[in-house]
Each structure stands twice: as structure tokens, then as C-alpha cells.
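What the coordinates show
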Amino acid sequence: MLNVALPKGRLGEKVYRMLERAGYGCEDLLKDTRKLVFTDETSGVSYFWVKPSDVTVYVEHGVADIGVAGKDIIEESGADVYELLDLNIGRCRMCVASVNGFREDIARPLRVATKFPRVAERYFSARNRDIEVIKLYGSIELAPILGLSDVIVDIVETGTTLKENNMGVISEIFPISARLIANKARYKFKRQEIAACVQRLSKEL
Ligand code: PRP
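Calculation notes
Residues numbered from 1 in each chain as written. Predicted model: local features only at pLDDT ≥ 70, side-chain atom pairs only at ≥ 80, totals over all residues. Heavy atoms only, no water. Helix = DSSP H or I, 4+ residues; strand = E, 2+ residues; numbered from the N terminus. Buried < 20%, exposed > 50% of the residue type's maximum accessible area, 1.4 Å probe, protein only. Contact = heavy atoms within 4.5 Å. Areas by Shrake-Rupley, 256 points an atom, 1.4 Å probe, with all protein chains shown as cover. Lys, Arg positive; Asp, Glu negative; His and termini not counted. Charge placed at Lys NZ, Arg CZ, Asp CG, Glu CD. Pairing = 2+ DSSP bridges. Axes fitted to C-alpha atoms, helices over the stretch in contact; angles between N-to-C directions. Near = heavy atom within 4 Å. Polar contact = N/O pair within 3.5 Å; in protein donor to acceptor, adjacent residues only side chain to side chain. Nonpolar A, V, L, I, M, F, W, Y, C, P; charged D, E, K, R; others polar. Salt bridge = Lys/Arg side-chain N within 4 Å of Asp/Glu carboxyl O.

The subject of this paragraph is the overall build of the chain. Helix and strand counts for the chain come out as eight helices and 11 strands. For the C-alpha atoms alone, the extent of the chain along its principal axes is close to 60 × 30 × 30 Å. By residue count, 46% of the 205 residues in the chain fall in the buried class. Put simply, 66% of the contacts in the chain that link residues at least 6 apart link residues at least 24 apart. Carbon together with sulfur atoms contributes 48% to the accessible area of the chain, which is approximately 11,000 Å² in total. Across the chain, 30 positive and 29 negative side-chain charges occur, with their mean positions spaced 2 Å apart.

Quick look at the structure:
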């Protein structure tokens, strides 16, 4: 049995459709919206719906053998897992952005509002830039508009949120897409099953 952590929501549904096409179908998975665990003996797979930012936790602890998480979440979590496959969906970019016309004062630490403090710290420390991280949980774009921060480190998908708020990208940190990840010990233990899954999924890309 392969234990798979799926991110709840639209991305998770897309991922499940890929897995279904690859031969890992599980009846009722998309029908019953409150149920969290689904097992299909025939396909040999057990799915758990988890909060997207928790997928790395379930996989790192080995409760799930494999899972699907965005590169943003993998980078922010610092989880010690294998990244097996780029699923080529959920594409967006991790960026530094601010209000148009922003001028940086290099004499003081840069105030960075973000949901991704670890990503922000790593990016700016590699550039020897002192920052003050302001951790937020949503609507990050508000921070520089209201003067809470100088810049944001956040996800840009279509760019609409930035555009509609008179903001723009200053630099791109890394491209994001959904990745198939695996627990390191489970990968050794279930090597054949996991390799077969990777191979079958690759054909669906
Ligand atoms: C994300 C992200 C941006 C927006 C970018 O927010 O934090 O705010 O999407 O998308 P766009 O470039 O297509 O406009 P999300 O919708 O997840 O909500 P949040 O503000 O609560 O984090």
C-alpha cells in the first residue's frame, strides 16, 4: 500500500486526476468532501487530504510515503525529503515586490512582509542585506501599501494582485510548481512501488 498526502483544494484535485489517469484511482475521493482518508485496495493506494502547507510534515515524518507540495512550501519548510518529480502544474513565482517607484534606503534594514520568512531570510542573507521580517498570513500586498513594510516576498501567479494595487516585481527568487516528494526512509523501503508511481506519473505530464 502506498500512502499519499494530497494538498486539499484545487491543486490537490488536479494532482489526483493525474494519479487517477496513472492508475491510482480511488472511488469517492472527490465526492465526499469532509472525509480525510480514502483507501483503494485494488490500486494499492491510500490518500490523505491535508492542508497544503502540512504535506511536507506528513511526508518528512513518514506517515505518508509520498506527497505533493508546491516548491514554495518545500523551500519554506526546509523538510528533509526527496523531490522526485516536477508535476508541471501550479506554476507561479516567488518574488520580491513593492509599490511602484519604491526606493530602497540601504542605510537601514529592509522591512520584508511575508508568509515565507525562511525563504526571505535565505534570499537576502545570500546578498548580505539585513532585513527585518514581518510575518503575515495573507493579503501580504497590503503591507507596503500601508507602510508596514518596504517590500514583500510572496507568490506571483498572474500578476493581477500586484497590478491592481499599483505594485510590481523587483526580483524573482525562484520559479514554483507542484513537486512529488518522498520520505527518505520510506523511499528505500518501498523503492519499487514509488519508482513505479514516478514512472507512471511521468507519462501523464
Ligand atoms: C496569493 C499570493 C498573492 C496572489 C498572487 O494569495 O499571496 O496575493 O495569490 O496571485 P496573482 O499574481 O494571480 O494575483 P492568495 O490568493 O493565496 O491569498 P492570501 O492573500 O490570503 O495569501
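Attention now goes to the sheet that holds strand 7 (residues 110-114). Pairing is mixed in the open sheet, where five strands are placed in the order 8-7-9-6-10. Two strands close off the open sheet at either side, each with one partner strand: strand 8 (131-135) and strand 10 (167-176). Direction aside, neighbouring strands of the sheet carry axes that sit 30° apart on average. Sheet topology note: the strand 7/strand 9 (residues 151-156) ladder contains three bridges and is parallel. Bridge assignment links Ala113 to a residue of strand 9, and that residue is Ile152. On the sheet, helix 4 (residues 117-125) packs against strand 6 (92-99), strand 7, strand 8, strand 9 and strand 10 and is oriented at approximately 165° with respect to strand 8.

Close contacts around the ligand come from Lys115, Gly138, Ser139, Glu141, Asp154, Ile155, Val156, Glu157, Thr158, Gly159, Thr160 and Thr161, and that covers them all. Thr158 places a side-chain nitrogen or oxygen 2.5 Å from an oxygen atom of the ligand. Take Gly159: an N or O atom from its main chain is 2.7 Å from an oxygen atom of the ligand. Protein coverage of the free-state accessible area of the ligand, which is 500 Å², stands at 65%. Elements with a contribution of two residues or more to the shell around the ligand: strand 9 and helix 6 (160-164). Residue contributions to the shell around the ligand peak at three residues, all from strand 9. Its residues assigned to classes, the shell around the ligand shows two nonpolar, six polar and four charged.

Glancing now at the side chain of Ser46. For Ser46, the position within the fold is in strand 3 (residues 45-50). The class for Ser46 is buried, based on a relative accessible area of 5%. At a separation of 2.9 Å, a polar atom in the side chain of Ser46 contacts the side chain of Thr39.

The next subject is the sheet that holds strand 2 (residues 37-40). Strands in a sheet are paired, the pairing made by backbone hydrogen bonds, and the direction either parallel or antiparallel. Read across the sheet, six strands follow the order 2-3-1-4-11-5 without closing on themselves; strand pairing throughout is mixed. The sheet is open, and its two edges are formed by strand 2 and strand 5 (82-86), each paired on a single side. For this sheet, the mean angle separating the axes of adjacent strands, direction not counted, is 25°. Both strand 1 (residues 2-7) and strand 3 contribute to a ladder of six bridges, which runs parallel. Across the sheet, Leu6 pairs through a bridge with Trp49, a residue of strand 3. Each of strand 1, strand 3, strand 4 (66-70) and strand 11 (178-182) touches helix 1 (residues 10-21); the most contacted strand, strand 1, lies at about 145° to it. The strands touched by helix 8 (residues 191-202) within the sheet are strand 1, strand 4, strand 5 and strand 11, with strand 5 carrying the most contacts at an inclination of about 25°.

Counting across every chain of the model gives 17 salt bridges. In this structure, the salt-bridge partner of Glu83 is Lys71, at a minimum N-O distance of 2.8 Å. Taken as a pair, Glu83 in strand 5 and Lys71 in helix 3 (residues 71-77) lie far apart in primary sequence, 12 residues in all. For Glu83, a relative accessible area of 36% gives the class partly exposed. When its relative accessible area of 16% is taken as the criterion, Lys71 is described as buried.

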